[in-house]
Amino acid sequence: MGQKVAMTGNIAVANAMRQINPDVCAAYPITPSTEIMQQFSSFVSDGEVKTVLVPAESEHSAMSACIGAAAAGGRVMTATSSQGLALMWEMLYIAAGNRLPIVLAMANRALSAPINIHGDTSDAMGARDSGWIQLFSENAQEAYDNVIQAIRIAENMEVRLPVMVGMDGFIISHSIESMELLDDQVVRDFIGEYIPNRPLLDVDNPMTYGPLDLQDYYIEHKRQEYEAMKKAKPVILQVAKEFARISGRKYGLFEEYHLDGAEVAIVVLNSAAGTVKTVIDDLRGKGVKAGLLKPRVFRPFPADEIAQALSGVKAVCVMDRADGVNGLSGPLFPEFRSALYDAKQRPLMINKIFGLGGRDLGLQHVRDVFQELLKISETGKIKTLAEYMTVRN
Amino acid sequence: MSGLKNWKEIPTGGVIEEAGNADNYVTGGWRTYKPVLDEQKCIHCLVCWISCPDTAIEVKDEKMTGFNLKHCKGCGVCADVCPKKVQAITMVQEGK
């Protein structure tokens, strides 16, 4: 069986990559994901993997090299954060549009300006419409497990879309946690041999990659991408089911924590979910029906399942560790509220933008949110639809 | 757009399952001026052939034989590079 270890999120992800043994990794270092490739490059130097490591001169080039290697027929991985992901932006769409199953580990970090190296999900939210599947992780264990599952999801022939796996920068990427590493052979058997789709290096069957696609076919190719993203949902669940067999750990589209029969609930990504769980345990002890929905899969967006899970909850707070800067709310809020629009019992919903640039979310902050939700549930009235919290007013 | 395939019938990712298919992309319709060859003047130096950005100069047995007007966009590079003493190519407005 697996091995119990103490590791940072970054080292855990680097070990997942070691066990996956991709054909090519092209990357450029950026805090706080640097340690992933630093550790992985040691694995390359020590001969523990057969990966060709391409140290690029920028993230734009790193993603371009990943695209080239994936089109050639390789299993390809990379890692980045923040400005690095932002610099990849143009190429992210090309990876997805070309249907290349690249897997990217992302230590979520705030975007400049002002410059900040700490954890929030602004970077991931900037890439949410790029055609990449997005998975999020509460802790090092989930980041490790998600990266391994991401390979199977991306490479599924019905899907063939790139996947990015997020974890909070520093809070998870640099904190040592107790977790389990699976046996190398178990991981290798789980991911299986890579079968490239129409590889460029198949010289007996020459292909044209990236040709001009105008009014006559562009929308047909986008329709295919839409279909692939839709099909990703059952594939993600199937892969999770198989992963549970080798690990004993169960994953879904999101995690429900005391959500069944909850009167008030919080929706939050990544490590902040851990803080919310602690408060829920406390509140449940006092008879308060508080719950949590922690999204694991943000792309594809599981609207129906979310509506089902939150229908009947009286008041919900969607907490965004990013600001969409639309003058209203964070980026999760409109999508979750829209998902609930057709629900049989639609909850009252509010939005909090919190923790930007790594600002701590304390237990009292979460207690305050639940207090506000209980008041909304009691009175049926929302005072403020969306606002900043964990900010000095 | 009759005769075009639907989204379920085409390869994913915009891939075209053959190489060298630019030949099927007819761009001659972009032309407003077309090159006309004076066979008497041409010395078959093939400077036009090596300069044409669209491989639209047709050559047989190392002799310049004319233009591939399905692909020639009428840029006029061939007429420009044709040696001053030769001037075997002139650009003529389409439709005149």
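Scroll up for the structure.
The paragraphs below set out a description of the structure included in this document. (Residues numbered from 1 in each chain as written. Chains lettered and ligands numbered in written order. Predicted model: local features only at pLDDT ≥ 70, side-chain atom pairs only at ≥ 80, totals over all residues. Heavy atoms only, no water.)

1. Side note on the packing of aromatic side chains
- For the structure on display, the rule yields five aromatic pairs over all chains.
- With a centroid separation of 5.7 Å and 85 degrees between ring planes, the pair formed by A:Phe298 and A:Phe301 is classed as edge-to-face.
- A:Phe298 gets classed as buried once you look at its relative accessible area, which sits at 1%.
- Summarising the aromatic geometry, the rings of A:Phe301 and A:Phe336 are spaced 5.2 Å apart at their centres and angled 85 degrees between planes, so their arrangement reads as edge-to-face. Of the two residues, A:Phe301 sits in the loop between β12 (297-299) and α10 (303-310) while A:Phe336 sits in helix α11 (residues 332-339), which places them 35 residues apart along the sequence.
- Its relative accessible area of 0% is what places A:Phe336 among the buried residues.
- Among the aromatic residues, those joined into a cluster by ring pairs are A:Phe190, A:Phe243 and A:Tyr251.
- The ring of B:Trp7 is capped by A:Arg223, whose NZ or CZ atom sits 4.0 Å from the centre of that ring. (Phe/Tyr/Trp six-rings, centres within 6.5 Å; stacked < 30°, edge-to-face > 60°. Buried < 20%, exposed > 50% of the residue type's maximum accessible area, 1.4 Å probe, protein only. Helix = DSSP H or I, 4+ residues; strand = E, 2+ residues; numbered from the N terminus. Lys NZ or Arg CZ within 6 Å of the ring centre and 35° of its normal.)

2. Quick notes on the pattern of salt bridges
Residues and elements named next belong to chain A.
- A full pass over the atoms with the stated rule returns 25 salt bridges over all chains.
- Here Glu305 ties to Lys233 by a salt bridge, and the two come within 3.1 Å at their closest N and O atoms. Of this pair, Glu305 sits in helix α10 while Lys233 sits in helix α8 (residues 218-247), placing them 72 residues apart in sequence.
- Classification of Glu305 as partly exposed rests on a relative accessible area of 23%. (Salt bridge = Lys/Arg side-chain N within 4 Å of Asp/Glu carboxyl O.)

3. Let's talk about the packing of helix α9 (residues 272-285) of chain A against helix α12 (residues 363-379) of chain A
All names here are of chain A.
- Look at α9 against α12: their axes get within 9 Å of each other, and the N-to-C directions meet at 60 degrees. In terms of their interaxial angle, α9 and α12 are classed as oblique. Considering how the two elements wind past one another, α9 and α12 form a crossing that is right-handed. Counted together, Thr275, Val276, Thr278, Val279, Ile280, Asp282 and Leu283 of α9 and Leu363, Val366, Arg367 and Phe370 of α12 form the full contact between these two elements. (Axes fitted to C-alpha atoms, helices over the stretch in contact; angles between N-to-C directions. Parallel < 35°, antiparallel > 145°, perpendicular 65-115°, else oblique. Left-handed = near helix turned anticlockwise from the far one by under 90°. Contact = heavy atoms within 4.5 Å.)

4. Description of unusual backbone geometry
- Along the chain, A:Thr31 connects to A:Pro32 via a cis peptide bond; the corresponding omega equals 0 degrees.
- Following the sequence through the fold, A:Pro32 ends up in the loop between β2 (24-27) and α2 (34-45).
- For the bond from A:Arg299 to A:Pro300, the omega torsion is 0 degrees, close enough to zero to count as cis.
- Look at A:Asn270: it is not a glycine, yet its phi comes out positive at around 60 degrees.
- Secondary-structure assignment places A:Asn270 in the loop between β10 (264-268) and α9.
- Non-glycine residue B:Asp61 carries a positive phi angle of around 50 degrees.
- Mapping B:Asp61 onto the fold places it in the loop between β2 (57-60) and β3 (63-67).
- You can call B:Asp61 exposed: its relative accessible area is 68%.

5. Overview of helix α6 (residues 140-155) of chain A
All names here are of chain A.
- A rise of 1.5 Å per residue sets the reference length of α6, with its 16 residues, at 22 Å; its end C-alpha atoms lie 23 Å apart and thus fit the reference within 8%.
- Of all the bends in α6, the greatest measures close to 25 degrees and is centred on Gln149.
- Along α6, 15 of the 16 residues are buried, which leaves the element largely enclosed by surrounding structure.
- Where α6 begins, the capping side chain belongs to Asn139, and its oxygen is found 3.3 Å from the backbone nitrogen of Gln141. (Expected span 1.5 Å × (residues − 1). Bend = angle between axes of the 7 residues up to and from the residue. Polar contact = N/O pair within 3.5 Å; in protein donor to acceptor, adjacent residues only side chain to side chain.)

6. A look at the environment of A:Met17
Residues and elements named next belong to chain A.
- Looking at the element boundaries, Met17 is found in helix α1 (residues 9-20).
- With 19 residues separating them in the primary sequence, Met17 and Ile36 have C-alpha atoms 9.0 Å apart.
- Sequence-distant contacts of Met17, defined by excluding residues within four places in its chain, comprise Pro22, Cys25, Ile36, Met37, Phe40 and Met77.

7. Structural notes on the pairing of β2(B)
Residues and elements named next belong to chain B.
- Relative to β3, β2 runs antiparallel, the two being bridged by four bridges. By the bridge assignment for β3, Lys60 is matched with Lys63.
- Between β2 and β3, which pair antiparallel and follow one another directly, the connecting turn spans two residues, one of which, Asp61, has a positive phi of 50 degrees. (Pairing = 2+ DSSP bridges.)

8. Here we look at the sheet that holds strand β11 (residues 290-295) of chain A
All names here are of chain A.
- Pairing within the open sheet is mixed, and its six strands lie in the order β9-β11-β10-β13-β14-β15. Each end of this open sheet is capped by a strand with a single partner; those strands are β9 (254-257) and β15 (386-388). Within this sheet the neighbouring strands show an average axis-to-axis angle of 20 degrees, counted without direction.
- Examined bridge by bridge, β10 and strand β13 (residues 315-320) share five bridges and lie parallel to one another. When the bridges of β13 are listed, Ile266 appears paired with Cys317.
- Where α9 meets the sheet, it contacts β9, β10 and β11, and its direction lies at approximately 165 degrees from that of β11.

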